[in-house]
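Take a look at the letters that make up each chain.
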Amino acid sequence: MKALPRASRLIALFCFSVFLLISFTFTPSYAADVGNCLLCHKYPGISRVDEEGKLRLFYVNESIFSNSVHAKVKCEGCHTDIKKIPHDVAKKVDCLVECHIIEPSSEKKFSHKDVKEFLGKSVHGPIDKEGKEKKYIEDYPTCKDCHDNPLYRPLSFFKKVRPGISEASLGRCRVCHKKEEFIYRFYNHVTTRLHKSRNPLNIAEVCARCHDNPEIVARHEMSTKAVFSYGETFHGKAARFLDERVPDCLDCHISKGESVHQMLPKEDPASSIHADNKGKICTNIDCHPSASPKLAKYSVHAEFNLKQSPAQYFFTVFFIILTGGTLLPLMFIILLDIIRRFFPNATIGRRK
Amino acid sequence: MATSTENIADTPDTAETDDYLTYVEGVGNIPRDIYKHVKSDPLGDLPRYSMHIVIQHFMTFVTFLILAATGLTLHFADLWWAPYIMSLFGGPDVARFIHRFAALLMVIASVYHVFTIGGGIIYSLMKKKFNFRRTQIPVLKDIQDITHDFKYFMGKVPHRPKMNKFMYKQKLHYFAIIWGTFVLITAGTTLLFPEFMSTIWPNPQFAQDLARLMHADEAIMAVTVIVFWHWSNVHLVPGRFPLQWSFITGKITREHQIEEHFLEYLYNIEEIPEEKEYIKKVLKEKGLSTD
């Protein structure tokens, strides 16, 4: 579909806003919606067919947004180019802008710039050590390839540790802090980070976008479709059923205590998966603390194809042949037996 | 009398020899198709399995089904039905416990079986009664039986071979189970105790990989063999449908014994006086008696 000419789109926007102003009484919203963007964006139908013919939904669910980690950030804090209402077509959001929020420990304006630094030095950084762009730069992930707007996922610590908010703990905060909104926010803020915010399967899905894409795997000479091969092992299979106890991509690919954005290639001696460091992954206190270093040789990404591990490949073929080779002749005997029992007098050739 | 039966067992069953009648001393000539005229209790007439074997079979088949259901659900975790089966077992944590507990029972059943068989052999050796023809030990005759049976299925010979207590199918199946149980137990142990087993295996990485493959592949193979082979053999084949009770009663029907385990039947006649009287009576009624 052809895009509407710009002028008519502005007219449409304008009419729409006038319509809204007339038809609806003003309700104050409780997210940090200073520019009142939700006045329009709270309506589920708000959408447009874009230049590529895809339907784009511009609806923002306020209750979900106010439960997300960015709830305190004003809409304009990220959509910085929107300065007037009705507004023009918006630019893409830059995740690294400085926002008006002050980070309390350093009292500086907050931004995610540090993450970019970490990411830049990792295997996923698009610039190599000499400062040149790497080949196939479009394959390297940016913030928005791995992230959407995450929701809080608080932990309850009363008697038992489980996901959710503990009213009992909230009661304790109330002893000293008076503002309900503050208490909820920071309870969520802290406890969400005390466990993983995504389960192993979600994490694998993020990585699968690239690491299960055969073209990207081939272009960058990686030996395996990493998420597929993870799913072949019991780690990956268990990830479908069990919770955070199962090792996910990050547990193995991040050295303890470092940012998840500092993933390094296996050739790098500082990387957690470097041959010399691999043993430490397995002997993690929560995993196989008593494992011998030999266990670390286990191929967590084995694919059992002819190229990657011929021994295992032939072994699988052997089993297929063994299964077929025993079953088919046996089935044949049964079939003959049954035929004979149903037709006791049938013969092939002549009986003497 | 003992010699007469042994002679029969030694005679190779070739299609050419006309062995329609089998002479048994004190009974007379028994025609090969006498099983069509005998009376059979569907629950079984003649001893086949001891109580120990019945218990072992029970333990093995119940644990096998549980192990397959819980294990294959994990193996096929990404298929649509997996989560439903998993919740049927009470969730992944319960299922994994059930799987391990059932595995333990199956190991116990296997050890129990080894002791029963080993003890049985020692006992009969001491009593000088050991007879390898009545065991699962494969012999040349099994191959001859297969060819003979094939000829029978093709209509080239009128009767099935005279076979021992365990016929070729059962021996094949028995050794398939021994192999399967061995593979599953070793692979399962390697998976369950990765830390410890990696200190035992010469090449732990390879052993782990193989264990992972073998455990699943062997399980799938076992399930297919049980469903398509064992179940059709013991339940679906006409004459056996819908169920043989041997797995509970430990007894085989007279008709089945004579048809498929004729040589074992001759031992039965020799060892069980009532059976001898019975078969004499049948022969007399049919006018086949020689005395």
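Structure: above.
Residues numbered from 1 in each chain as written. Chains lettered and ligands numbered in written order. Predicted model: local features only at pLDDT ≥ 70, side-chain atom pairs only at ≥ 80, totals over all residues. Heavy atoms only, no water.

Chemist: How do you make sense of helix 11 (residues 262-271) of chain B when you look at a structure like this?
Modeler: Given 3.6 residues to a turn, an α-helix orients residues that are three or four positions apart in the same direction. Counting buried positions over the ten residues of helix 11 of chain B gives eight, a clear majority of the element. Those residues of helix 11 of chain B lying buried are Phe262(B), Leu263(B), Glu264(B), Tyr265(B), Leu266(B), Tyr267(B), Asn268(B) and Ile269(B). (Buried < 20%, exposed > 50% of the residue type's maximum accessible area, 1.4 Å probe, protein only. Helix = DSSP H or I, 4+ residues; strand = E, 2+ residues; numbered from the N terminus.)

Chemist: I would appreciate a short explanation of the environment of Val161(A) in the present structure.
Modeler: All names here are of chain A. Position of Val161 relative to the elements: it lies in the loop between strand 5 (155-156) and strand 6 (162-163). Among the residues examined, Val161 registers a relative accessible area of 57% and is labelled exposed. Spatially, the C-alpha atom of Val161 lies 34 Å from that of Pro141, the residues being 20 residues apart in sequence. Those residues in contact with Val161, other than ones at most four positions away along the chain, are Leu155 and Ser156. (Contact = heavy atoms within 4.5 Å.)

Chemist: Whenever I open this one, the pattern of salt bridges confuses me. Can you help?
Modeler: Residue and element names in this part refer to chain B. Applying the stated criterion to the full structure yields 24 salt bridges over all chains. Here Arg96 and Asp93 are joined by a salt bridge, their closest N and O atoms 3.6 Å apart. Of this pair, Arg96 and Asp93 are both found in helix 4 (residues 91-126), three residues apart, which corresponds to roughly one turn of the helix. For Arg96, a relative accessible area of 37% gives the class partly exposed. According to the relative accessible area criterion, Asp93 is partly exposed, its value standing at 38%. Here Glu259 makes a salt bridge to Arg160, at a shortest N to O gap of 3.6 Å. One end of the pair, Glu259, is in helix 10 (residues 254-260); the other, Arg160, is in the loop between helix 5 (140-153) and helix 6 (168-192), with 99 residues separating them in the sequence. The exposure classification of Glu259 matches that of Arg160, with both residues buried. (Salt bridge = Lys/Arg side-chain N within 4 Å of Asp/Glu carboxyl O.)

Chemist: Can you walk me through the side chain of Asp142(B) in this structure?
Modeler: Relative to the elements of secondary structure, Asp142(B) occurs in helix 5. Once you skip the residues sitting within four places of it in the chain, Asp142(B) turns out to touch Ile137(B), Phe166(B), Tyr168(B) and Lys171(B).

Chemist: Teacher, can you tell me more about the packing of helix 2 (residues 51-75) of chain B against helix 4 of chain B here?
Modeler: What describes two packed helices is the angle between their axes and the distance between those same axes. All names here are of chain B. Two elements in contact, helix 2 and helix 4, have axes whose closest approach is 9 Å; the angle formed by their N-to-C orientations is 155°. Between helix 2 and helix 4, the crossing angle belongs to the class labelled roughly antiparallel. In the packing of helix 2 onto helix 4, the handedness of the crossing is left-handed. Partitioned by chemical class, the residues of the contact of helix 2 with helix 4 number 16 nonpolar, nine polar and no charged. (Axes fitted to C-alpha atoms, helices over the stretch in contact; angles between N-to-C directions. Parallel < 35°, antiparallel > 145°, perpendicular 65-115°, else oblique. Left-handed = near helix turned anticlockwise from the far one by under 90°. Nonpolar A, V, L, I, M, F, W, Y, C, P; charged D, E, K, R; others polar.)

Chemist: How should the pairing of strand 1 (residues 21-24) of chain B be read in this particular structure?
Modeler: Along any regular strand the residues' side chains alternate between the sheet's two faces. All names here are of chain B. Residues Thr22 and Val24 of strand 1 are buried on one face, while the alternating residues Leu21 and Tyr23, pointing to the opposite face, are not. The pairing of strand 1 with strand 2 (residues 28-31) spans four bridges and is classified as antiparallel. Bridge pairing in strand 2 links Leu21 to Pro31. Taking the residues between adjacent antiparallel strands as the criterion, strand 1 and strand 2 are bridged by three residues, where Gly26 takes a positive phi near 80°. (Pairing = 2+ DSSP bridges.)

Chemist: Would you take a moment to explain the packing of aromatic side chains for this structure?
Modeler: The relation between two aromatic rings is expressed through the spacing of the ring centres and the mutual angle of the planes. If you walk through the whole model with that rule in mind, you get 15 aromatic pairs over all chains. Taking the centre distance of 4.6 Å and the plane angle of 50° together, the rings of Phe182(A) and Phe186(A) count as tilted. Of this pair, Phe182(A) and Phe186(A) both sit in helix 8 (residues 180-192), separated by four residues, roughly a single helical turn. Overall, the relative accessible area of 34% leaves Phe182(A) in the partly exposed class. Under the relative-accessibility criterion, Phe186(A) is labelled partly exposed at 35%. A ring pair is formed by Phe58(B) and Phe247(B), whose centres lie 6.2 Å apart and whose planes are at 10°; its orientation type is stacked. One end of the pair, Phe58(B), is in helix 2; the other, Phe247(B), is in helix 9 (residues 246-249), and 189 residues separate them in sequence. One aromatic cluster in this structure is built from Phe315(A), Phe318(A), Phe319(A) and Trp179(B). Taking the ring centre of Tyr152(B) as reference, the NZ or CZ of Arg340(A) above it sits at 5.6 Å. (Phe/Tyr/Trp six-rings, centres within 6.5 Å; stacked < 30°, edge-to-face > 60°. Lys NZ or Arg CZ within 6 Å of the ring centre and 35° of its normal.)

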